[in-house]
Amino acid sequence: MKILIIGMGYVGTTTGAVFAHQGHKVTGLDIDQMKIALLNKGKLYFHEPGLQEMLSSQIKKNNLSFTCDPETAVKDHDIIFITVGTPSLENGKADLSYIRQAAEMIGRYKNKEKLVVVKSTVPIGTTDEMEKWIYEYSNNEASVHTAMNPEFLREGSALNDALHPSRIVLGSESSEALVKLKELYKNSTAPILTTSTKAAEIIKYASNGFLATKISFINEIARLCDTVGVSIKDVAEGMGLDERIGAPFLQAGLGYGGSCFPKDVKELLSTADSLGNPLSILREVEKINRTQPSYFVNKVKRTHPLLKDKKVTLFGLSFKPHTDDIRESVSFAVINQLVAEGAKVYVHDPAVTLSTDWIRKGVTQCWDPYVAVKEADLLLICTDWPQYADLNWVKVKERMNGSYLFDGRNMLDKEKIKQLGFYYEGIGNA
Ligand code: UDX
């Protein structure tokens, strides 16, 4: 099939490469000329394991190309996926201006019947609204069929998730749309669920809300474990073995970040409020997550009430390992508090380059973890990059001034670390 994808972010670029890999002819459209220029040269502008190779090979095979020209792109394609961003506004609501822009492009340039599929995470009712916008901008009678096909891929494992999804949700009121989409996904082994468009929209928010709830739930239990001196890892393991609960997403730590969970939780809360159905559980989920960095810094302050002029080294800036994405990363909430306390902050991350704003605030970036810890009074781990577990911790200890290690992701072997002479604290990890 010939597929146009509007919005070359994480989801759009990955989806495009995977559709091309599956034998379709894919064009990626974006208004950002820099992005398109890079992608046309076969250069991925973000870090995602395996995607660069797939992108290059599909471009070489002429299955994948990129453009900034909406007119030709829309006219040439009958199946259009929308994968533009829906970032949070100040009030927590999703900003739909990019969806509206995409609808405008489609409306303006549609020359015949089109299938328009929303993959972006959008609030309840947006897909229907988008259909109206397309018709508003259109000057001809050519019809559009719309559908909502939420994307569940995770950053860092985006390629594998897109190739092997847990489920394919197709929400539409149009039988023509469903027939075409089922044909598109016919070779997938994942279960296909067809629903109304609104149900598909809610499935995405409710899934992310539920996963966020698992994380905040375990983090709240971790605070209780801290109080009674019990290991949250034992508790999570014991809970996770119950197949109704399941082991994933029970890792206590600094809480969730990234481009999806914080934004989606806020949007769902805001929509539910405006519909007169406030979601009280999710409200607490958000609060626990928001306060988790302070909970961690307060642990540090119990051993060091005065952080002024202390050298604090922080490992990990990305919101999770295997990505260079720092959106809503809790590391920066921690750094902010350390800087406010007057600490001298040194950071290390294998993939993230610190922005000049942070350097201006006095934060120093080191590319070698052993250099970063030199003469440090305290060491804080904020992202569970696996390479931190493999460090030579004897060498780390020798290089540091102090011996205080706060593991915000409970990633190190506590007993081994303590044997090396470290003072060690995790989160709920007594
Ligand atoms: C998430 C959803 O998993 C995905 O289905 C959706 O499409 C987009 O949002 P992503 O943002 O890439 O994907 O990250 P994910 O791997 O889910 O992790 C989110 C955050 O939760 C990270 O900050 C991670 O550190 C944190 N997390 C995850 C925990 O704190 N504990 C856990 O047990 C799991």
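Up top is the structure these notes are about.
Source: prediction; values computed, not measured.

Novice: Kindly report on the overall build of the chain, identifying the contributing residues and their values.
Specialist: Along the backbone of the chain there are 18 helices and 14 strands. Computed over the C-alpha atoms, the radius of gyration of the chain is 24 Å, within 12% of the 22 Å expected from 2.2 N^0.38 for a compact globule of 430 residues. The burial tally for the chain puts 53% of its 430 residues in the buried class. Taking the contacts inside the chain whose residues are at least 6 apart along the sequence as the reference set, 71% of them involve residues at least 24 apart.

Novice: Before we move on, can you summarise the site of the ligand with the specific residues and values?
Specialist: By nearness alone, 19 residues border the ligand, and F152, E155, Q251, F319 and K320 come closest of all. Separating an oxygen atom of the ligand from a backbone N or O atom of E151 is a distance of 3.5 Å. Within the backbone of L153, an N or O atom sits 2.9 Å from an oxygen atom of the ligand. Relative to its free-state accessible area of 670 Å², the ligand is covered by the protein chains to the extent of 90%. Per-class residue counts for the shell around the ligand are nine nonpolar, four polar and six charged. Two domains each donate at least three residues to the shell around the ligand, and these are domain 1 (2–193) and domain 2 (289–425).

Novice: Go over the environment of P49, please, and point to the residues and values.
Specialist: Among the structural elements, P49 can be located in the loop between α2 (33–40) and α3 (51–60). Owing to a relative accessible area of 40%, P49 belongs among the partly exposed residues under this scheme. Taking the C-alpha atoms as reference, P49 lies 23 Å from L211; in sequence the two are 162 residues apart.

Novice: Break down the nonpolar core for me, citing the residues and quoting the values.
Specialist: Counting 36 residues, the largest nonpolar core has F19, L64, F66, F81, L181 and Y185 as the members making the most contacts within it. Sequence-distant contacts of F81, that is, excluding residues within four places in its chain, are made with I3, L4, I5, I6, F19, V117, K119, N149, L181, L184 and Y185. Counting residues in hydrophobic clusters, the runner-up holds 34 residues, among them A236, L250, V330 and L338.

Conventions adopted
Residues numbered from 1 in each chain as written. Predicted model: local features only at pLDDT ≥ 70, side-chain atom pairs only at ≥ 80, totals over all residues. Heavy atoms only, no water. Helix = DSSP H or I, 4+ residues; strand = E, 2+ residues; numbered from the N terminus. Rg over C-alpha atoms; globule rule 2.2 N^0.38 Å. Buried < 20%, exposed > 50% of the residue type's maximum accessible area, 1.4 Å probe, protein only. Contact = heavy atoms within 4.5 Å. Near = heavy atom within 4 Å. Polar contact = N/O pair within 3.5 Å; in protein donor to acceptor, adjacent residues only side chain to side chain. Areas by Shrake-Rupley, 256 points an atom, 1.4 Å probe, with all protein chains shown as cover. Nonpolar A, V, L, I, M, F, W, Y, C, P; charged D, E, K, R; others polar. Domains from an automatic or database assignment. Core = buried A, V, L, I, M, F, W, Y, C linked by side-chain atoms within 4.5 Å.

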